2 protein chains.
Amino acid sequence: MTAILLNNIKEVRENIKNWKKEGLKIGLIPTMGALHAGHASLIKKAKEMCDKVVVSVFVNPIQFGPNEDFDKYPRTLDTDRNLCDEIGADIVFAPSPKEMYGENTRLSNNELTFVCPPYNLVDCLCGKSRLGHFDGVATVVMKLFNITTPDYAFFGQKDAQQLFILKKMVKDLNLDLEIVHCPIVREEDGLALSSRNTYLTQQERTNALTISKALKEVSKYYEKGITNTQVLFDAAISVLDKNIELEYIEFRDFETFEKVSEVKNNTLIAIAAKSGKTRLIDNIII
Amino acid sequence: MTAILLNNIKEVRENIKNWKKEGLKIGLIPTMGALHAGHASLIKKAKEMCDKVVVSVFVNPIQFGPNEDFDKYPRTLDTDRNLCDEIGADIVFAPSPKEMYGENTRLSNNELTFVCPPYNLVDCLCGKSRLGHFDGVATVVMKLFNITTPDYAFFGQKDAQQLFILKKMVKDLNLDLEIVHCPIVREEDGLALSSRNTYLTQQERTNALTISKALKEVSKYYEKGITNTQVLFDAAISVLDKNIELEYIEFRDFETFEKVSEVKNNTLIAIAAKSGKTRLIDNIII
């Protein structure tokens, strides 16, 4: 089956309106392209749950900081389309920045209406180093929701803070859809899949493996009955390669997003770290 | 005909989904209640353009500042319902603050996802004295849009800045609906209708009449060919009663919302002023 490739909003709306008239359930997988097996798992899940599946492929300028990798972020639309075809997505929506934002595509909050998640959820973890990132994410996801009106939208746990923030947005703004929380997909050796893994040299990749190992170590300790986050933090650090530049390891209740001092059920343990120049994130939820 | 009074979001959604399945067009008039002939004109317009008309009645806590009139804002649901019945609205949606925001109903941006209009549009005119007001307005209107999924939403020109901001929100966030710009309704003597007019004493009301007179004066000057805003500003001032406490008179392009020094087609001339303790706004668009 071949997915329809659409670049413009109006055509997407028309297709989806016709499907909705027939009572079909729509699934959306918002992506920035450079699709990998993690994305594939989301598309497959959508195929199971929905009648029609829309994959958006859009490297969203407003969620990148001025010194981030917007320009060099991998763009691989042809292979992305093939993957979507294989799994059986119905639409690949790949708009230009201009289609999404008009002429001026690096918009500030002086020009654009933003969706702003609660400051408490934004001013921590990845939001600390990526100022404005989650406002940009929430805004583009809201736009994509309004364009595609999905019944279900699929997000991976890999971006756990994003997942939490978008669930909160759906609740706070009464969006009539459900966010489906999908598990992290890993390489056999444990590395969490990420479009940014392609930036890694062989050595950096080897070093980066210690990030998922650190999370595994925390998990092992927890299974032995150790719940104190300071002890678990130290256990994680002891595993990280010395060339890995740690940004944070944090322990948060995945119901409230508050920091916890003792790990219990539904605790998020999240890491961000650089291997070489590449910033990577990973997490587990106990 | 009797409008259905609904207090909960789920029931509103169910009714509207059934209507949408039949292909009916939905109109929404978001109000804070205390309905007057201005609101009535919006409901009538909606009746003309739509198959089903929803009037929301909700005094939105998050758009009031701590020292504003949230508690004393008039609440007249019974008469509001009667008016909606008379004109033939189909649903009066009157949720509690708890239904809209949960237990904590005076939420800050630490707890709630907000919709934030462009700062340039917010940090001027009424936004200068009403900090956070338009974030609260945009957020509640987004919620109401998501709950009622209207094809058309009706707003009066009386709140011209609000109208401009909401149109911008619809465009920026790709909402699939049209905002219908409706004219200001005035008393015979020129006073723009407002739910807050009930706060006025007889004397304050008399003084307040000079606000619409000032706008008329500007209009007269413009018709004589005078376009310089400083001259027009002085003409307006000369008409205002000395007991009226002026907050602003501004001249803005209603396409860009930029200040203009020469009035031309589609220029907004907006006034905010207090008569007694009551803050009133009025405007004309040339």
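Residues numbered from 1 in each chain as written. Chains lettered and ligands numbered in written order. Predicted model: local features only at pLDDT ≥ 70, side-chain atom pairs only at ≥ 80, totals over all residues.

(A) The arrangement of the overall build of chain A in detail. Each helix and strand in chain A was counted, giving 10 helices and 10 strands. For a compact globule of 286 residues, the expected C-alpha radius of gyration is about 19 Å, and chain A comes in at 19 Å, within 12% of that figure. Per-residue burial over chain A gives 42% buried out of 286 residues. In chain A, 70% of the contacts between residues at least 6 apart in sequence involve partners at least 24 apart. (Helix = DSSP H or I, 4+ residues; strand = E, 2+ residues; numbered from the N terminus. Rg over C-alpha atoms; globule rule 2.2 N^0.38 Å. Buried ≥ 20, exposed ≤ 12 C-beta atoms within 10 Å, placed from the backbone. Contact = placed C-beta atoms within 7 Å.)

(B) Spotlight on the domain arrangement of chain A. All names here are of chain A. If you check the domain split of chain A, you get domain 1 (4-182) and domain 2 (200-279). One C-alpha centre belongs to domain 1, the other to domain 2; they are set 27 Å apart. Each partner contributes residues to the interface: domain 1 has 6 residues there, and domain 2 has 8 residues. Of all the secondary-structure elements, those providing two or more residues to the side of domain 1 that touches domain 2 are α6 (126-129) and α8 (160-172). Along the lines of polarity and charge, the residues of the side of domain 1 that touches domain 2 split into 5 nonpolar, 1 polar and no charged. (Domains from an automatic or database assignment. Nonpolar A, V, L, I, M, F, W, Y, C, P; charged D, E, K, R; others polar.)

(C) Structural context of the interface of chain A and chain B. Across the boundary between the two partners, chain A contributes 26 residues, which contact 26 residues of chain B. For the side of chain A that touches chain B, the elements supplying multiple residues, two or more each, are α1 (9-21), β5 (114-116), α5 (119-122), α7 (133-148) and α8 of chain A. The dominant element in the side of chain A that touches chain B, judged by the number of residues it contributes, is α7(A), at 5 residues. Here the residues of the side of chain A that touches chain B sort into 14 nonpolar, 6 polar and 6 charged. Two elements, β5(A) and strand β5 (residues 114-116) of chain B, share 3 bridges in a ladder whose sense is antiparallel. When the bridges of β5(B) are listed, A:F114 appears paired with B:C116. (Pairing = 2+ DSSP bridges.)

(D) A look at the relation of the copies chain A and chain B. When chain A is brought onto chain B, the operation consists of a screw motion whose angular component is 180° and whose axial shift is 0.0 Å, with 0.0 Å RMSD remaining. What the rotation and shift describe, once combined, is the action of a two-fold rotation axis. Among all residues of chain A, the one whose C-alpha sits closest to the rotation axis is A:V115, at a distance of 2.3 Å. Interface overlap between copies is the fraction of interface residues in one copy that are interface residues in the other; for chain A against chain B it reaches 100%, indicating a shared surface. (Least-squares fit on C-alpha atoms with pLDDT ≥ 70 in both.)

(E) Main features of the sheet that holds strand β7 (residues 178-182) of chain B. All names here are of chain B. Judged by pairing direction, the sheet is parallel, and its 6 strands sit side by side in the order β1-β4-β3-β2-β6-β7 without closing on themselves. The open sheet is flanked by β1 (4-6) and β7, the only strands paired with a single partner. Here the average twist between neighbouring strands, direction ignored, is 25°. In terms of strand pairing, β1 meets strand β4 (residues 91-93) through 3 bridges, oriented parallel. In the strand pairing of β4, I4 is matched with I91. Running at roughly 165° to β7, helix α8 (residues 160-172) makes contact with β6 (152-156) and β7 of the sheet. (Axes fitted to C-alpha atoms, helices over the stretch in contact; angles between N-to-C directions.)

(F) Just the environment of A:I62, in detail. All names here are of chain A. Locating I62 in the fold gives a position in the loop between β3 (52-57) and α3 (77-87). A sequence separation of 92 residues divides I62 from F154, and the C-alpha atoms of the two residues are 21 Å apart. For I62, the residues in contact, after removing those within four places along its chain, are L107, G136, T139 and V140.

(G) Looking closely at the packing of helix α2 (residues 37-49) of chain A against α3(A). Residues and elements named next belong to chain A. Remark: α2 packs on α3, axes separated minimally by 10 Å, with the N-to-C direction vectors making an angle of 35°. By crossing handedness, the relation of α2 to α3 is classed as right-handed. Packed against α2, whose contacting residues are A40, I43, K44 and K47, the element α3 presents L83, C84 and I87 at the interface. Residues that form the contact of α2 with α3 fall into these classes: 5 nonpolar, no polar and 2 charged. (Left-handed = near helix turned anticlockwise from the far one by under 90°.)

(H) Representation of the environment of B:G38 in the model. Positionally, B:G38 belongs in helix α2 (residues 37-49). Sequence separation between B:G38 and B:E217 is 179 residues; the distance between their C-alpha atoms is 23 Å.

(I) Geometry of the sheet that holds strand β10 (residues 278-285) of chain B. Residue and element names in this part refer to chain B. Pairing in this open sheet of 3 strands is antiparallel, and the strands run β8-β9-β10 from one edge to the other. Strands at the two margins of the open sheet, each flanked by one partner only, are β8 (244-253) and β10. Geometrically, the sheet is characterised by an average inter-axis angle of 15° between neighbouring strands, direction not taken into account. Strand direction decides the pairing type here: β8 and strand β9 (residues 267-275), joined by 9 bridges, are antiparallel. Each bridged residue has a counterpart across the sheet, and for L246 the counterpart in β9 is A273.

(J) Looking closely at the confidence of the model for chain A. Per-residue pLDDT for chain A averages 96, and the proportion of residues at 70 or more is 100%. For this predicted complex, the interface confidence comes out at an ipTM of 0.95, alongside a pTM of 0.96. (pLDDT = per-residue confidence, 0-100.)

(K) The arrangement of helix α3 (residues 77-87) of chain B in detail. Residue and element names in this part refer to chain B. Those residues of α3 that fall on the buried side of the exposure criterion are D80, R81, C84 and I87. Down the axis of α3, the smallest arc covering the buried residues is 130°, so these residues share one side. The outward face of α3, more than 90 degrees from its buried face, is lined by the exposed residues D78, T79 and E86. Looking at the packing, one finds that the buried side of α3 touches β1, α2, β3 (52-57) and β4. Directly after α3, the chain includes G88, whose backbone phi takes a positive value near 100°. (Arc of directions from axis to C-beta.)

(L) Region of the structure containing the pairing of β7(B). All names here are of chain B. Across 5 bridges, the pairing between β6 and β7 is parallel. Each residue of the ladder has a partner; that of F155, found in β7, is H181. For the crossover that starts at β6, traverses α8 and ends in the parallel β7, the hand is right-handed. (Right-handed = clockwise from strand over helix to strand, strands pointing away.)

(M) How the structure looks around unusual backbone geometry. A positive phi is found at A:N174, a non-glycine position, where the angle reads about 55°. In this fold, A:N174 is placed in the loop between α8 and β7 (178-182). According to the C-beta neighbour criterion, A:N174 is partly exposed, with 16 such atoms within 10 Å. One non-glycine residue, B:T149, adopts positive backbone phi at about 40°. In this structure, B:T149 sits in the loop between α7 (133-148) and β6. Take B:T149: there are 21 C-beta atoms within 10 Å of it, and that puts it in the buried class.

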